[in-house]
Amino acid sequence: MECYICTQCGTQYAEAERPPETCQICNDERQYVNPQGQQWTTHARLKRAHRNTVRAQGAGVTGIGVEPLVGIGQRALLIRGVDGNVLWDCVPLLDDGLAELIQAAGGLRAIAVSHPHFHTSMVDWAHRFGCPVYIHAGNRQWVMRPDPSVRFWEEETLKLSSGMTLIHCGGHFPGSAVLYHNRDGGEIFTGDTFHVNPDRRTVGWMYSFPNYIPISAATVERVVRAVEPFEFRRIYGQWWDTVVADDGKDCIRRSAERYVAAIEGKYERQEEAKRISRGA
Ligand SMILES: [Zn+2]
Ligand SMILES: [Zn+2]
């Protein structure tokens, strides 16, 4: 019996004698099936050919990745809080060296995952550190390896520790969530609930990022409203070094205005006005 992992998205499945027929996460419109065909691996096999990488991403925030890349190239964040460490999002591999390093730093108080594209091997991680994994109940159907360590939360916010709160936002997935940390002016960890853009000054939203399917203006406004009660400066996105260093709240407000205006035709109207003024 093995817990098979989809090589394309990095999702680990419940123990079985043979791999599933298809990967439900990849078959969803928000992802895509490997054009070369569905392939599977296991945690034991990943351990032989891959290793974890670790790099600072900010004060008290360490990024964790996998090399060579596996799945969608997920990057998790180890966040040091006043009353323990929290792992935000997850990666398919946990090698022995990294496990020892995290254990020596106090282990994990909890794991929390923004949305199904980062579920990966979260149950293996939870077993290794004897901690719970918090998943919003809106994403229950996407947990492919059910386990007692997985705790579904239904509330709009959930206090994780004295300084950290999970916030339910929706949008990309019905259960998409972000993590708020009250440290040093406040910071939020977003996965792709808010996608930090390459300029690191704006964010964007999508139903499907790889397939460019947008979400509606009304949904974006709802996602933004969910974080409004919180004060924060920094935004940590889902990829390496995607950090909005300051004015995070203003960044979200400006970005939402731009998104809504764009989806309602602002840029086409601008081009049309330019064409008319040129007399074309
Ligand atoms: Zn997959
Ligand atoms: Zn995603």
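The text that follows walks through the structure, step by step, so that each part is easy to find. (Residues numbered from 1 in each chain as written. Chains lettered and ligands numbered in written order. Predicted model: local features only at pLDDT ≥ 70, side-chain atom pairs only at ≥ 80, totals over all residues. Heavy atoms only, no water.)

## Brief notes about the coordination of the zinc ion (ligand 1)
(1) Moving on: Protein ligation of the zinc ion (ligand 1) involves Cys6 (SG), Cys9 (SG), Cys23 (SG) and Cys26 (SG), the donor distances falling in the range 2.2 to 2.3 Å.
(2) Moving on: Taken together, the four donor atoms coordinating the zinc ion (ligand 1) and their angles of 103 to 116 degrees define a geometry best described as tetrahedral.
(3) Moving on: The sequence pattern describing where the donors of the zinc ion (ligand 1) fall on their chain is C-x2-C-x13-C-x2-C. In this pair, Cys6 sits in strand β1 (residues 5-6) while Cys26 sits in helix α1 (residues 24-27), placing the two residues 20 residues apart along the sequence.
(4) Moving on: Judged by its relative accessible area of 1%, Cys26 is buried. (Donors = N, O, S within 2.8 Å, 3.2 Å for Na, K, Ca; no water. Tetrahedral: all angles 85-135°; square planar, octahedral: opposite > 155°, others 65-115°. Helix = DSSP H or I, 4+ residues; strand = E, 2+ residues; numbered from the N terminus. Buried < 20%, exposed > 50% of the residue type's maximum accessible area, 1.4 Å probe, protein only.)

## What about the pattern of salt bridges?
A side chain of one charge can pair with a side chain of the opposite charge if their charged atoms are brought near each other.
(1) Moving on: Following the criterion strictly, the structure yields 18 salt bridges and no others.
(2) Moving on: The residue Arg254 makes a salt bridge to Asp250 at a minimum N-O spacing of 3.3 Å. Within this pair, Arg254 and its partner Asp250 are both found in helix α6 (residues 248-263), separated by four residues, close to a single helical turn.
(3) Moving on: For Asp250, a relative accessible area of 29% gives the class partly exposed.
(4) Moving on: If you follow the salt bridges from partner to partner, you end up with Arg183, Asp184, Glu187, Arg233, Arg234 and Asp246 in one network. (Salt bridge = Lys/Arg side-chain N within 4 Å of Asp/Glu carboxyl O.)

## Digging into the packing of aromatic side chains
(1) Moving on: For the structure shown, the criterion picks out eight aromatic pairs.
(2) Moving on: Taken together, a centroid distance of 5.4 Å and an interplanar angle of 90 degrees make the contact between Tyr13 and Trp40 edge-to-face. A residue pair is termed long-range when its members are at least 10 positions apart, and Tyr13 in the loop between β1 and α1 and Trp40 in strand β2 (residues 40-41) qualify at 27 residues.
(3) Moving on: Accessibility expressed as a relative area gives 14% for Trp40, which makes it buried.
(4) Moving on: Between Trp125 and Phe129, the ring centres sit 6.2 Å apart and the planes meet at 40 degrees, which makes this aromatic pair tilted. With Trp125 and Phe129 both in helix α4 (residues 122-129), this residue pair falls four residues apart, about one helical turn.
(5) Moving on: Looking at Trp125, the relative accessible area reads 0%, which means it is buried.
(6) Moving on: With a relative accessible area of 11%, Phe129 lands in the buried category.
(7) Moving on: Among the aromatic side chains, those forming a connected cluster through ring pairs are Phe194, Trp205 and Tyr259.
(8) Moving on: Its guanidinium or amino end placed over the ring of Phe173, Arg30 lies 3.8 Å from that ring's centre, counting from NZ or CZ. (Phe/Tyr/Trp six-rings, centres within 6.5 Å; stacked < 30°, edge-to-face > 60°. Lys NZ or Arg CZ within 6 Å of the ring centre and 35° of its normal.)

From the geometry alone we can't say anything about function, so treat these as descriptive.
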